[in-house]
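Okay, here's what each chain looks like letter by letter:
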Amino acid sequence: MARERKLSRRTLLGGAAAAAGAVTLTTTAAGTASAATRDVDVAVVGGGLAGLTAARDLVAAGRTVAVLEARDRVGGRVVNLPLGNGRVTEGGGEFIGPTQDRIKALADSLGVATFPTYNTGKNLLHKDGRNTAYATDGLLGSVPPVDAAGLANAAIVQASLDDMAKQIPVDAPWTAAKAEEWDRQTFETWLRANAVVPSAKFLLDVACTSIFSAEPRELSLLFVVFYIAAAGNASNPGTLERLTETANGAQELRFVGGSQLVPIKLAATLGDRLVLSAPVRSIARSGSRYVVTADGTTVTADRVVVALPPPLAARISYDPLLPAGRDQLTQRLPMASVGKAIAVYDTPFWRADGLNGQVVSDTGVVSSTFDNSPPDASYGALMGFIEADEMRALDTAGEAAVRAAVLKDYVTYFGEKAASPSSFVLQRWNNEAYTRGGPVSIAAPGVLTQYGPALREPVGGIHWAGTETSTYWMGFMDGAVRSGERVAREVLAAL
């Protein structure tokens, strides 16, 4: 077994950890990493849920590990935003739901509890300049009340997509019988031929931007159908409804203390195996081993796990060069575009009006919202997604301009009380140096059928993890955990 050399250390208490109030990570301090070397069995690049899960399983199997994380915090696309007085809200992934078994098991093992997303009262549909409140527990579930023809057409489209998803092998969607046909067209092209009633097209467009943070024109139909197929587990086929619903869907539960508490507590179990503020610049083969060079730290390892979104994995220098198929794949999997805006109020005042804080809208920079208040409702928080074209249009805008645009939408939906929050926080993933978008990498036509097999295929001793490599719940926290567990098994079998 390789010998691990210890780094000189100092304590770094990240802002999110401080807000969560419990966990101190001992690492090399941000911006002051001294030159150091480590010799381990496995180097893990990336301290998100995927990389941390892989490291946990490798350590449990008796292997030496070093985890290199570019940021001064753990969690990747999962982050708590401090609101002061020990309060936090989530700036990234926050929801879990049925069949997301692995993230739930991980949280349970770390003592991180869940609570139901607030879903009492009516949703709001804002369409054609009008607000319409509607119940979420009727025969049609939480489908917005558009005209009857639109609802009927949307139901047919949803059933068709679910039927198509049943034909997808989740471990290799490019092998589906109709993979070539579905990968030749965008989701937009298919929708125009099938969602023929304008109000049905509106519902599917909103579903698309809400799920992918991308426009239908950006996505391969095969990719969309695979994503639906992946919204389940080995016992429960994926469905579009499970992706979009709150009750019994992917938005059903939240984490007490904020979702980043899960990677924070997981990282704490790894001790000084984790190095923060250490962006990896190169991975080079040296004989039968690999030299991973990061800012301030060099790790020599038998195997390397790269647990990053594909576009960021592509920015590392590899020697020898990666196979063309792998490199071409990462060139064609851009990040989607998303931001989250959270306005905080003294109380969740919309509840008194019989509303649950959830909106679907045909206008504004925020077309979907959630009640992000804590379980004790000690304050109110409205969270809105800024997605796809709307996010890109604001990428260069100042925070004050984004705040004004968001609050204008909140006033439209919830009235003048929404105009004056006590605080406002904004997470713009497109502008994050070590993410550059989110919540997931997306595939345009032709990508999966031509390059899909390179997604998880190891290159020598380099292995790939991250939510984009998961067969179930790709793009979600659960997919990240599943990928970490899978890659750890893969590495252990190879060592």
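All values derive from a computational prediction rather than experimental measurement.

Calculation notes
Positions within a chain are numbered from 1, following the residues in the order the chain's sequence is written. Thresholds applied to this predicted model are a pLDDT of at least 70 for local features of residues and 80 or more for the giving and counting of side-chain atom pairs; totals over whole chains, interfaces and linings are not thresholded and use all residues. Neither water nor hydrogens contribute to the side-chain values; these are computed over all heavy atoms in the structure. Secondary structure elements are defined from DSSP: runs of H or I of at least 4 residues count as helices, runs of E of at least 2 residues count as strands, and each element is numbered from the N terminus. For the radius of gyration, the atoms used are the C-alpha atoms, and the globule rule reads 2.2 Å times the number of residues raised to 0.38. Per-residue accessibility, obtained with a 1.4 Å probe over protein chains only, is compared with the maximum for each type, and a residue is labelled buried under 20%, exposed over 50%, and partly exposed between these values. A contact between two residues is defined here by any heavy atoms of the two lying within 4.5 Å. The method behind every accessible area is Shrake-Rupley, applied with a 1.4 Å probe, and residues are considered shielded solely by the protein chains displayed. A positive count includes Lys and Arg, and a negative count includes Asp and Glu. His and the chain ends are not counted in either. Charge positions are represented by NZ for Lys, CZ for Arg, CG for Asp and CD for Glu. Two strands pair if DSSP finds at least two bridges between them. To get an axis, fit a line to the C-alpha atoms, keeping to the stretch in contact for a helix; angles then go from 0 to 180 degrees between the N-to-C directions. An angle counts as roughly parallel when it lies under 35 degrees, as roughly antiparallel when it exceeds 145, as roughly perpendicular when it falls between 65 and 115, and as oblique in every other case. Residues are sorted three ways: Asp, Glu, Lys and Arg are charged, Ala, Val, Leu, Ile, Met, Phe, Trp, Tyr, Cys and Pro are nonpolar, and all the rest, Gly among them, are polar. It is the directions from the helix axis to the C-beta atoms whose arc is reported. Each residue gets a pLDDT score, which is the predictor's confidence in that residue and runs from 0 to 100. The salt bridge definition used is simple: a Lys or Arg side-chain nitrogen within 4 Å of an Asp or Glu carboxyl oxygen.

**So, the overall build of the chain**
- Helix and strand counts for the chain stand at 16 helices and 21 strands.
- Its C-alpha atoms give the chain a radius of gyration of 22 Å, near enough to 23 Å, the size a compact globule of 495 residues would have.
- A principal-axis box enclosing the C-alpha atoms of the chain has dimensions of 65 × 55 × 40 Å.
- Sorting the 495 residues of the chain into buried and exposed places 59% on the buried side.
- For the chain, contacts bridging at least 24 residues in sequence account for 74% of all contacts bridging at least 6.
- Of the roughly 18,400 Å² of accessible surface on the chain, 51% is carried by carbon and sulfur atoms.
- Averaging the locations of the 46 positively and 49 negatively charged side chains of the chain gives two centres separated by 6 Å.

**Side note on the pairing of strand E21 (residues 462-465)**
- Burial of E21 is two-sided: the residues Ile462 and Trp464 facing one way and the residues His463 and Ala465 facing the other way are all buried.
- Pairing analysis gives four bridges linking strand E14 (residues 297-307) to E21, with the strands arranged parallel. Within E21, the position partnered with valine 304 by the bridge is isoleucine 462.

**Quick look at the packing of helix H3 (residues 101-110) against helix H16 (residues 477-494)**
- At a minimum axis distance of 7 Å, the contact between H3 and H16 shows a crossing angle of 80°. With respect to their mutual orientation, H3 and H16 come out roughly perpendicular. Contact residues: Asp101, Arg102, Ile103 and Leu106 in H3; Met477, Asp478, Val481, Arg482 and Glu485 in H16.
- When its residues are assigned to classes, the contact of H3 with H16 shows four nonpolar, no polar and five charged.

**Regarding the sheet that holds strand E8 (residues 122-127)**
- Taken in spatial order, the seven strands of this open sheet run E9-E8-E17-E18-E19-E16-E20, and their pairing is mixed. Each end of this open sheet is capped by a strand with a single partner; those strands are strand E9 (130-134) and strand E20 (423-428). Along the sheet, successive strands turn relative to each other by an average axial angle of 20°, direction set aside.
- As paired strands, E8 and E9 are joined by five bridges and run antiparallel to one another. Across the sheet, residue leucine 124 finds its bridge partner in E9, namely alanine 133.

**A word on helix H12 (residues 324-331)**
- Listed in full, the buried residues belonging to H12 are Arg326, Leu329 and Thr330. The arc that holds the buried residues of H12, viewed along the axis, is 90°, so those residues lie on one side. Of the exposed residues in H12, the ones pointing more than 90 degrees away from its buried face are Ala324 and Gln331.
- Residues of H12 that are buried in the fold lie against helix H11 (310-313), helix H15 (447-451) and E21.

**Things to note about the environment of aspartate 163**
- Its location among the elements puts aspartate 163 in helix H4 (residues 148-165).
- Here the alpha-carbon distance between aspartate 163 and leucine 355, two residues 192 residues apart in the chain, equals 34 Å.

**Quick look at the confidence of the model for the chain**
- Counting all residues, the mean pLDDT for the chain is 92, and 92% of those residues have values of 70 or more.
- This model gives residues 1-35 a pLDDT under 50, and the stretch forms 87 contacts once residues within four places in sequence are excluded.

**Examining the pattern of salt bridges**
- Under the counting rule described, the total for this entry stands at 24 salt bridges.
- For the salt bridge of arginine 281 with aspartate 295, the shortest nitrogen-to-oxygen distance reads 2.9 Å. In this pair, arginine 281 sits in strand E12 (residues 280-286) while aspartate 295 sits in the loop between strand E13 (289-294) and E14, placing the two residues 14 residues apart along the sequence.
- Of the residues examined, aspartate 295 reaches a relative accessible area of 32% and is grouped as partly exposed.
- Among the ionic pairs, aspartate 478 bridges to arginine 482, the shortest N-O distance being 2.4 Å. Residue aspartate 478 and its partner arginine 482 are both found in helix H16; the two are separated by four residues, about one turn of the helix.
- When its relative accessible area of 0% is taken as the criterion, aspartate 478 is described as buried.
- The exposure class of arginine 482 is buried, given its relative accessible area of 17%.
- Among the charged side chains, a network of salt bridges with common partners joins Arg56, Asp57, Arg102 and Glu485.

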